[in-house]
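# Working through the structure, step by step
Spelled out from the first residue to the last, the chains are:
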Amino acid sequence: MTSASVYNRMMLPMSFGDPEAEYWRLMTGVSMWDVGVERQVQLAGPDAGRLAQILCARDLSVCKVGQGKYVPICNHDGFLINDPIVLKLSDCLFWFSIADSDMWLWARAIAAERGLDVEISEPDVSPLAVQGPKAEAVVASLFGDWVRELKYFWFKETEIAGIPVTVQRSGWSKQGGFELYLRDGRKGAALWNLVKEAGQPWGIGPGAPSSAERVESGLLNSVGDTDETTSPFEVRLGKFVDLDVPDEVVGIQALRRIAAAGPKRHQLGLVLEGDTPQPIGLSWEEIRQNGIKVGSMTTCVWSPRLQSNIGYGLVAASCKPDQTVEIVRPNGVVCAKVVELPFF
Ligand code: THG
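For the structure given in this document, a descriptive report is provided here. (Residues numbered from 1 in each chain as written. Predicted model: local features only at pLDDT ≥ 70, side-chain atom pairs only at ≥ 80, totals over all residues. Heavy atoms only, no water.)

### Examining the nonpolar core
Going by this rule: Put simply, buried Ala, Val, Leu, Ile, Met, Phe, Trp, Tyr and Cys residues joined by side-chain atoms within 4.5 Å make one nonpolar core. For each residue, the accessible area found with a 1.4 Å probe, counting protein chains only, is set against the maximum for its type, and the residue is called buried under 20%, exposed over 50%, and partly exposed in between. Think of it this way: any DSSP run of H or I at least four residues long counts as a helix, any run of E at least two long counts as a strand, and we number them from the N terminus. A contact between two residues is defined here by any heavy atoms of the two lying within 4.5 Å.
Of all hydrophobic cores here, the largest spans 25 residues; its most connected members are Leu-87, Leu-237 and Leu-255. Mapped onto this core, the elements with two or more residues apiece are strand E8 (85–90) and helix H7 (252–261). In contact with Leu-255, other than residues within four places in its own chain, are Ala-57, Cys-74, Gly-78, Pro-232, Phe-233, Val-241 and Leu-243. One finds Ala-52, Leu-60, Ile-110 and Val-118 within the second-largest nonpolar core, a separate group that totals 24 residues.

### Focus: H7
Selection criterion: What the arc measures is the spread of directions leading from the helix axis to the C-beta atoms.
All of the buried residues along H7 are Ile-252, Ala-254, Leu-255 and Ile-258. Buried residues of H7, seen end-on, are gathered within an arc of 150 degrees and therefore sit on one face of the element. Exposed side chains of H7 directed beyond 90 degrees from the buried face belong to Arg-257, Ala-260 and Ala-261. Residues of H7 that are buried make contact with strand E6 (73–74). One or two residues past the end of H7 sits Gly-262, with phi positive at roughly 85 degrees.

### Here we look at the packing of helix H2 (residues 48–55) against helix H3 (residues 103–113)
Convention followed: Fitted lines through C-alpha atoms give the axes, limited to the stretch in contact for helices. The angle between two N-to-C directions lies from 0 to 180 degrees. In these notes the angle categories are as follows: under 35 degrees is roughly parallel, over 145 is roughly antiparallel, 65 to 115 is roughly perpendicular, and the rest is oblique. Two helices cross in a left-handed way if the nearer one is turned anticlockwise from the farther one by less than a right angle. They cross in a right-handed way if the turn is clockwise. Any residue outside Ala, Val, Leu, Ile, Met, Phe, Trp, Tyr, Cys, Pro, Asp, Glu, Lys and Arg is labelled polar, Gly included; the first ten of those are nonpolar and the last four are charged.
In the contact formed by H2 and H3, the axes pass within 11 Å of each other and the chain directions differ by 115 degrees. Judged on the interaxial angle alone, H3 and H2 are roughly perpendicular. In this structure, H2 meets H3 at a crossing whose hand is right-handed. Facing Leu-51, Ile-54 and Leu-55 of H2, the residues of H3 in contact are Met-103, Trp-106, Ala-107, Ile-110 and Ala-111. Of the residues assigned to the contact of H2 with H3, the class counts are eight nonpolar, no polar and no charged.

### Considerations on the sheet that holds strand E12 (residues 155–160)
Test applied: Should DSSP find at least two bridges between two strands, the strands are taken to pair.
Pairing in this open sheet of six strands is mixed, and the strands run E12-E13-E14-E11-E3-E15 from one edge to the other. A strand with exactly one partner marks an edge of an open sheet, and here the two such strands are E12 and strand E15 (205–207). Geometrically, the sheet is characterised by an average inter-axis angle of 30 degrees between neighbouring strands, direction not taken into account. Bridge count for strand E13 (residues 163–169) against strand E14 (residues 177–182) is five bridges, and the pairing is antiparallel. Bridging from a neighbouring strand, Thr-166 pairs with Tyr-181 of E14. Along the sheet, helix H1 (residues 19–28) makes contact with strand E3 (31–34), strand E11 (126–131) and E15, crossing E15 at roughly 110 degrees. Helix H4 (residues 135–143) contacts E11, E12, E13 and E14 of the sheet and is inclined by roughly 45 degrees relative to E14.

Structure (C-alpha cells):
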C-alpha cells in the first residue's frame, strides 16, 4: 500500500508499497525521495547573516559560503522549536532547510522586533534526496566527479539539462548521499525522471525517509521526539550549541542556565521485548520504572537489522542504560531494555 503523511503543511510520500524492500534498497543500494516538504526559509539582505546567528544557538561565524550546518533553533526559554540545516549561499543569503514547524513566522517576528534589514521568504526550492551506498555513483554520473569531493553539508549551485539545482551532500539517513535542491518547481518531474534514468544501472527505486533507518541511526525527528519543554541538551544536540555566541542570540541566556544546572531528562534507546513487528507508535507512550512514570517513548519502529521493535525514550536523568523499563502500549505493558543511542 502506498502511503503519505503531512509535513510543513504539504504531502510527504512515505511508501511506494513495500516498506521493508524500500528499507533494504536504502541500506544496500540507492533510493530517491521527494522531500519537497523540507521547505527553505530564505533570509536575504544586509542583515541576513546577523539574523541567521540570532536565530540559532550554534556559532555560524565559522560557516563558509557553500557550507551547511545542522543547527538547533530554540525559543527564548531555550526549548527546541526546529532543527534545520542552514545553507550559506552568500554573505547576505541564507536558507534554513526546516523540519516540521513554522520557522517562517518565527524568523519574520524576530527580524521585525530587532529592526533588521532582511527579507524573509519561502522560495521555490524543493529537495530531492538520493540516499544509500550507491547514491554517490548515481549523482556523479549525472553531475560529474566533482560531487565526490563535496564534504558533508557542503553544496554547489549548478544545473542539469536546463534545470537549476543546488547539490548538497546531506540527507536524513546515515547511509550517505545527496540532496538535489530543485530551484524551479515546474521542472520537478523532469528532474525526477533524469535521476530515475541515471540510477537504473544501480537499481534505484522510489522511497522516503525511513523511520526504521533513522531510529537505528539515532537521528532526531524534532517536534515528533520533542515536546514544548525539550532543550537541545536533552536530545543529544548539545554538541551543536555554542554557549559563547553573542548575547543577542534567542534563548542563549536560558541555554547557559540549563547547561549549568544539567538537563533533567535525556534521550535514550529502547529495545522492546518480543520478536514480531508491532504497529508504529502514533503518539507518546508512558514509560514506567517500578510503577512510576519516568518518561515517554516518543517513537517506536520495527528494526529489520535488530529484529526487534526499537524506540526512543525521553526519560528522567535517573533512568540509565542497561536498566529495564515498562512501556504502556495500546495493547498492553511491554518490557524494554534501555540502551545508548545510536543503535548503529
Ligand atoms: N535535509 C534537508 N532539510 C531537512 C532535513 C534533511 N530539514 C528537516 C530535517 N531533515 C532536519 N533534521 C535533520 C536531523 C539530522 C540531520 C539532518 C537533518 C543529520 N544529522 C547528522 C547526525 O546527527 O549524525 C549529522 C550532523 C552533523 O554532524 O553535523 O544529518 O535531511 N535539506
